[in-house]
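Each chain, letter by letter, is given below.
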Amino acid sequence: MTAGNFKGIAQWVPGRSGRMVQEEKSLLVDVVVWVAVVALWSLLWRVAGVAGAGPYTSLWYPPAALTLSLLIAGGWRALPLALAGPLVNISVQGLLGSAYVAQTHSLLDMVWEYGGPPVAHLIGYALAAYGIQRTSVADPDGRARGELSPATAIRFVGFSLAASALSAAAGAALSVRRTGNPWDTWGSLFLHWWGGDFIGVVTLTPVLLLAFSM
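Within every chain, residues take consecutive numbers counted from 1 along the sequence as written. Selection of residues for local features in this predicted model requires a pLDDT of at least 70, selection of side-chain atom pairs for listing and counting requires 80 or more, and totals for whole chains, interfaces and linings are taken over all residues. Hydrogen atoms and water are omitted, and side-chain values are computed over all heavy atoms in the structure.

> Could you clarify how one ought to interpret the environment of His121 in this entry?
Going along the chain from the N terminus, every DSSP run of H or I of four or more residues is numbered as a helix, and every run of E of two or more is numbered as a strand. As for its placement among the helices and strands, His121 is situated in helix H6 (residues 107–138). When the C-alpha positions of His121 and Leu83 are compared, they lie 8.7 Å apart, and in sequence the two are 38 residues distant.

> Please explain the packing of aromatic side chains as it appears in this structure.
Pairs of aromatic rings are described using the distance from one ring centre to the other and the angle between the two planes. Planes of paired rings set the category: under 30 degrees apart is stacked, over 60 is edge-to-face and the rest tilted, where pairs are Phe, Tyr or Trp rings (Trp by its six-membered ring) whose centres lie within 6.5 Å. Per the counting criterion, the structure on display carries three aromatic pairs. With centroids separated by 5.6 Å and ring planes inclined at 40°, the aromatic side chains of Trp76 and Tyr130 adopt a geometry described as tilted. In this pair, Trp76 sits in the loop between helix H3 (63–74) and helix H4 (79–97) while Tyr130 sits in helix H6, placing the two residues 54 residues apart along the sequence. Think of it in three bands: with a 1.4 Å probe and only protein chains considered, a residue is buried below 20% of the maximum accessible area for its type, exposed above 50%, and partly exposed in between. Given a relative accessible area of 37%, Tyr130 falls into the partly exposed group. Ring-pair connections join several aromatic residues into one group, and the members of that group are Trp186, Phe190 and Trp194.

> I would appreciate a short explanation of the side chain of Ser164 in the present structure.
Mapped onto the fold, Ser164 is located in helix H8 (residues 150–179). A polar side-chain atom of Ser164 sits 2.8 Å from the main-chain carbonyl oxygen of Ser160. In this structure the side chain of Ser164 is engaged in a polar contact, spanning 3.1 Å, whose partner is the side chain of Trp194. Excluding residues that lie within four positions of it along the chain, Ser164 makes contacts with Tyr125, Trp194, Asp197 and Phe198. Contacts described as polar in this section are N or O atom pairs within 3.5 Å, which, within protein, must combine one atom able to donate a hydrogen with one able to accept it, while residues neighboring in sequence count only if both atoms come from side chains. Any two residues having at least one pair of non-hydrogen atoms within 4.5 Å are treated as being in contact.

> Sorry if this is basic, but what is going on with the confidence of the model for the protein here?
Detailed conclusions should not be drawn from predicted coordinates in areas where pLDDT is low. Per-residue confidence for the protein averages 75 on the pLDDT scale, and 70% of its residues sit at or above 70. At the level of individual helices and strands, the protein shows its lowest average pLDDT in helix H7 (residues 140–145), which scores 50, and its highest in H3, which scores 90. Across residues 1–16 the pLDDT falls below 50, and counting only partners more than four positions away or on other chains, this stretch makes four contacts in the model. Confidence of the predictor in every single residue is expressed as pLDDT, which spans 0 to 100.

> Before we go on, may I ask you to explain H8 in this structure?
The periodicity of an α-helix, 3.6 residues per turn, causes residues three or four places apart in sequence to face the same way. Helix length check: H8, at 30 residues, gives a terminal C-alpha distance of 43 Å against a target of 44 Å (1.5 Å per residue), a fit within 8%. Phi turns positive one or two residues past the end of H8, at Gly180, with a value near 80°. Working rule for helices: expected span equals 1.5 Å times residues minus one.

> Would you mind showing me how to read the packing of H8 against helix H9 (residues 186–213) here?
The axes of two packed helices give the description: the angle between them and the distance between them. Fitted lines through C-alpha atoms serve as axes, helices being fitted only where they are in contact, and the angles separating the N-to-C directions of these axes extend from 0 to 180 degrees. At a minimum axis separation of 8 Å, H8 and H9 run at an interaxial angle of 140°. Relative to H9, the element H8 lies oblique. Considering only the axes of H8 and H9, their crossing is right-handed. Angles below 35 degrees are treated as roughly parallel, those above 145 as roughly antiparallel, those between 65 and 115 as roughly perpendicular, and all remaining angles as oblique. Should the near helix be turned anticlockwise from the far one by less than a right angle, the crossing is termed left-handed; should it be turned clockwise, right-handed.

This is the structure:
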């Protein structure tokens, strides 16, 4: 083996080790972020329960703000992360509350039971986050003035209003279908959830976005 060969190996091994260390650190950071988001989602869900929200109202208020914040900050790439909170919490709660569900429900029923509410929750906020991002890019003047510009504030409130309405409508429809309640209960359920969603989003999302930026 020549000196040149040895030098090449000596340079390659530390570099590879460095990359492996960086990959391990990146994986650890990802795991920590996922656990932190799920834990924060759980905390906000419990806060909603303490506040007297209904069993599914708490799915939207106040965790809706966390969902919208994640999607605004991370875009479409944050969808799995935003889905993790409601999916894990609903699945754990459902499985702990009814251990026999796997034996008594079909696979389709299981998907509706545990996957339906998180997906319904995400619909409006994913579209709203996309709309906020797109309009911010298309408005360089507003973007230059920062998040406190009047145009940005109006866009945020408008998209939040529409997002909470869409998610509340989807969630209410899913709840009526799952529980077998009369469809004439959909209206009151929708209005109740919409109000809670909107209040949670407009009050907590700016705070969470500021925390993410730090």
